[in-house]
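# Inside the fold
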Amino acid sequence: MSSKPKRVVVIGVAGDSGCGKSTFLRRLNDLFGEEFMTVICLDDYHSLDRKQRKETGITALDPRANNFDLMYEQVKALKEGKSIMKPIYNHETGLLDPPELVEPNKVIVIEGLHPIYDERVRGLLDFSIYLDLSDEVKIAWKIQRDMAERGHTLADVMQAIESRRPDFEAYIDPQKAHADVIIQILPTNLIANDTERKVLRVRLVQRSGVEGIEPAYLFDEGSTISWIPCGTKLTCSYPGIKLFSGPDSWLGQPASVLEIDGQFDRLEEMVYIENHLSCINTKFYGELTQLLLKHPDYPGSNNGTGLLQIIVGLKMRATFERLIKESEQLVAA
Ligand SMILES: Nc1ncnc2c1ncn2[C@@H]1O[C@H](COP(=O)(O)OP(=O)(O)OP(=O)(O)O)[C@@H](O)[C@H]1O
Ligand SMILES: O=C(CO)[C@H](O)[C@H](O)COP(=O)(O)O
């Protein structure tokens, strides 16, 4: 960072371990640029190290294992344009390493288990997202990563999920009531009794009345639309693709939903879908498709996860630009 940013924009990315936060952050890099965006992993605010957690039986998901006072003070300092000495939690040793210097930046992303948990930290967020994986998909992704890539057994994977469940339900999941947007990842409705979990139904839930965030929709704002795109314009192998857009509710509050169930074969053909989407905060025709095409190798690029993550990224960029403009107008006044 060469000069002190005029307005630091703080973004919260919440979700359980292994729910796709890193993949989402890599997509955000395309929109803000690595140089202007600093990511803070909230695991660094664990106040109990691995040994202490084992001795006390308190999990990392439990607020008692995390220092929210320090988290609040440091995120606030960064937002005020001050540098901090941030602790570091070392996942290899399970211990806290000596702290490191973090300078303010144009965008500070706090990601991890609890970015929306503490009321004070939540109040500092300019935009928040909760990544909400259904149990079926969480198990499938964990099996894929931890068995295929890390040598764990199926019993290990299931045990890890079950042992986290009570604290996940008590402390992590409730954050989705406060997030500005939620990406829900569910089993497909297009295949009866699907057990493979390769085809996904992905929903972007946009809570109504969030200042400065206009919901993305298909065709006509406020209408309930169910759309099966033309098979010659969008190549999709079995089981095809189905989109939905319309008003809905989220935990008893009004919301607007954009849903994509299924997958597509050719990323470049997404421009056909993009053409029928409104309020996606692109700067030029085809930008959404271009962003998708940048990383065909990222997981979820050929289904709703990639597409809806990019739409959320575009909304974050719009919020960033709005807040910068507002702060410049304030200075000029
Ligand atoms: N859209 C997707 N489609 C299919 N699999 C996915 C998708 N996103 C993530 N995954 C799977 O989930 C794994 C975890 O993803 P990622 O590293 O992005 O999550 P994370 O929340 O950052 O995890 P952690 O907090 O444990 O580091 C990936 O290795 C991949 O196997
Ligand atoms: O949920 C987690 C991170 O998102 C980890 O389980 C938590 O940080 C504890 O770390 P470790 O497994 O290294 O003891």
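Quantities reported herein were computed from a predicted structural model and do not represent experimental measurements. Counting restarts for each chain, with residues numbered from 1 along the sequence as it is written. Lettering of chains starts at A and numbering of ligands starts at 1, both following the order in which they are written. Since the coordinates come from a predicted model, pLDDT governs what is reported: local features require at least 70, and pairs of side-chain atoms require 80 or more to be given and counted, while whole-chain, interface and lining totals use all residues. Working from all heavy atoms in the structure, the side-chain values ignore hydrogens and water.

## Points about the site of ligand 1
Near ligand 1 lie 14 residues; those nearest to it are Ser17, Gly18, Ser22, Thr23 and Thr305. The term polar contact refers here to a pair of N or O atoms within 3.5 Å; inside protein, the definition further demands a hydrogen-donor-capable atom paired with an acceptor-capable atom, and it admits residues adjacent in sequence only when both atoms are side-chain atoms. Glycine 18 places a polar main-chain atom, nitrogen or oxygen, 2.9 Å from an oxygen atom of ligand 1. Any residue with a heavy atom lying within 4 Å of a molecule or strand is counted as near it.

## Quick notes on helix α5 (residues 135-149)
Taking 1.5 Å per residue as the helical rise, α5 with its 15 residues ought to reach 21 Å, and the 20 Å between its terminal C-alpha atoms agrees with that figure. The rule is simple: take the accessible area with a 1.4 Å probe, protein chains only, and divide by the maximum for that residue type; under 20% is buried, over 50% is exposed, in between is partly exposed. Strands here mean DSSP runs of E at least two residues long; helices mean DSSP runs of H or I at least four residues long; both are numbered from the N terminus. Residues of α5 that are buried include every one of Val137, Lys138, Lys142 and Asp146, and no others. In this analysis, two residues are considered to be in contact whenever any of their non-hydrogen atoms come within 4.5 Å of each other. Looking at the packing, one finds that the buried side of α5 touches β6 (127-133), α6 (154-172), β7 (181-187) and β8 (200-207). Positive backbone phi, at 70°, marks glycine 151, one or two positions downstream of α5. Helix span, as expected, comes to 1.5 Å for every residue beyond the first.

## As for the packing of α5 against α6
A fitted line through C-alpha atoms represents every axis, and for helices the fit uses only the stretch in contact; the resulting angles, taken between N-to-C directions, go from 0 to 180 degrees. One can describe the packing of α5 onto α6 by two numbers: an axis separation of 10 Å at closest approach and a directional angle of 135°. Between α5 and α6, the interaxial angle falls into the category oblique. Taken as a pair, α5 and α6 cross one another with a handedness that is right-handed. Seen from α5, the contacting residues are Asp135, Lys138, Ile139, Lys142, Ile143, Asp146 and Met147; seen from α6, they are Leu154, Val157, Met158, Ile161, Arg165 and Phe168. When grouped by side-chain class, the residues that make up the contact of α5 with α6 number eight nonpolar, no polar and five charged. Angles are sorted into four bins: roughly parallel if under 35 degrees, roughly antiparallel if over 145, roughly perpendicular if 65 to 115, and oblique for all others. The crossing is said to be left-handed when, going from far helix to near helix, the turn is anticlockwise and less than a right angle, and right-handed when the turn is clockwise. Residues are sorted three ways: Asp, Glu, Lys and Arg are charged, Ala, Val, Leu, Ile, Met, Phe, Trp, Tyr, Cys and Pro are nonpolar, and all the rest, Gly among them, are polar.

## What about the nonpolar core?
Side-chain atoms within 4.5 Å are what join buried Ala, Val, Leu, Ile, Met, Phe, Trp, Tyr and Cys residues into a set we call a nonpolar core. Counting residues in each nonpolar core, the largest one holds 54 residues, and the members touching the most others are Ile129, Ile183, Ile311, Val312 and Met316. A total of ten residues in this core trace back to one element, the largest contributor, which is helix α9 (residues 304-332).

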